[in-house]
Amino acid sequence: MGSLGSLVPCDQEEVLVQNVCEIYDSLSTLQSIKPSKDVDALFTRLVLTSLLGSYDLPLDHISMFPYYTNYIKLGRLEYTILSNYITNPNPSDIAFIGSGPLPLTSIVLASNHLKNTMFHNYDIDRSANALASNLVAADPDLSKRMLFHDTDIMDVTTGLSGYEVVFLAALVGLNKEDKRKVIDHLAKYMAPGSLLMLRSAHGARGFLYPTVEPSDLPGFKVLAVFHPMDDVINSVIVARKGKDKYQY
């Protein structure tokens, strides 16, 4: 523990050790470590704890995260797509469902592309939201524009009508049935004309993330589907909410 102690004060060292032990205990109870929302969240928390835990301003060192470059590329892609279809080029409020402990998409979009937008990050895991909130707390801009809701999106009804854009993370709904339930819920409560930015996977990448087809989006008009050919894993589907659930 000497090398760790040389990097951080003793009390922070104890917190780091406790966090790593908690993550280990949680991982050891899982029957499988195949990609899933729980596994992804735990490994992200482990990386976040290991790389950023010793910094007073961890957001300044976020580029150390192994997949940060991928998120930069994905954020640029999604912003370009969004710019082609959104009615208001400067949306006031965006929701991101399944933001997790390291809400890189929201951070990248808020920092680089949508600099006046409020980002409402939803995750059912309270500890994930606590980590995410602590990550942006020291940034005077992001701390004001990034809100974190400890809420199951299936419990959010009329509140969804306040967002011009809703992002749905790839690991919200780990199988076709659960994903479809979430999409149907969004179709029921999102505002008419609002946009859904949904992440999917194509081809062999479907082994890592659930695949969503345009036919899985009743109530939405699919505007475009993008399958990246580089090291970005996720495909992106953009769809517009109809006037009623089954208009399209």
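Treat the numbers as computed from the prediction; the structure is a model and nothing was measured.

### Here's the deal with the overall build of the protein chain
Within the protein chain, the secondary structure is distributed over 8 helices and 7 strands. Per-residue burial for the protein chain yields a buried fraction of 44% across its 248 residues. Considering only contacts within the protein chain whose residues lie at least 6 apart along the sequence, 72% involve residues at least 24 apart.

### Overview of the nonpolar core
Counting residues in each nonpolar core, the largest one holds 52 residues, and the members touching the most others are Leu 168, Leu 186, Leu 196, Leu 217 and Phe 220. Here Leu 168 is in contact with Ile 97, Lys 179, Val 182, Ile 183, Leu 186, Leu 196, Met 197, Leu 198 and Arg 199, once residues within four sequence places are set aside.

### Let's talk about the pattern of salt bridges
Using the criterion set out here, one finds 5 salt bridges in the structure. The salt bridge involving Asp 150 is made with Arg 126; its shortest N-O contact spans 3.6 Å. Taken together, the residues span a long stretch of sequence, with Asp 150 in the loop between β3 (146-149) and β4 (165-168) and Arg 126 in helix α6 (residues 126-136) at a distance of 24 residues. For Arg 126, a relative accessible area of 61% gives the class exposed. The partner of Asp 141 in a salt bridge is Arg 145, and the shortest N-O contact between them spans 2.8 Å.

### Quick word on the packing of helix α4 (residues 68-85) against helix α5 (residues 104-112)
It is the contact of α4 with α5, at a shortest axis distance of 9 Å, that shows an interaxial angle of 60°. Taken together, the axis directions place α4 and α5 in an arrangement best described as oblique. In this structure, α4 crosses over α5, and the sense of that crossing is right-handed. Between α4, through Tyr 68, Tyr 71, Ile 72, Gly 75, Glu 78 and Tyr 79, and α5, the contact on the second element is made entirely by Leu 104, Thr 105, Val 108, Leu 109 and Asn 112.

### With respect to α4
With 18 residues, α4 should reach 26 Å at 1.5 Å per residue; the first-to-last C-alpha distance of 26 Å fits that figure. Along α4, the positions that sit buried rather than exposed are Asn 70, Ile 72, Leu 74, Gly 75, Glu 78, Ile 81 and Leu 82.

About the criteria used
Residues numbered from 1 in each chain as written. Predicted model: local features only at pLDDT ≥ 70, side-chain atom pairs only at ≥ 80, totals over all residues. Heavy atoms only, no water. Helix = DSSP H or I, 4+ residues; strand = E, 2+ residues; numbered from the N terminus. Buried < 20%, exposed > 50% of the residue type's maximum accessible area, 1.4 Å probe, protein only. Contact = heavy atoms within 4.5 Å. Core = buried A, V, L, I, M, F, W, Y, C linked by side-chain atoms within 4.5 Å. Salt bridge = Lys/Arg side-chain N within 4 Å of Asp/Glu carboxyl O. Axes fitted to C-alpha atoms, helices over the stretch in contact; angles between N-to-C directions. Parallel < 35°, antiparallel > 145°, perpendicular 65-115°, else oblique. Left-handed = near helix turned anticlockwise from the far one by under 90°. Expected span 1.5 Å × (residues − 1).

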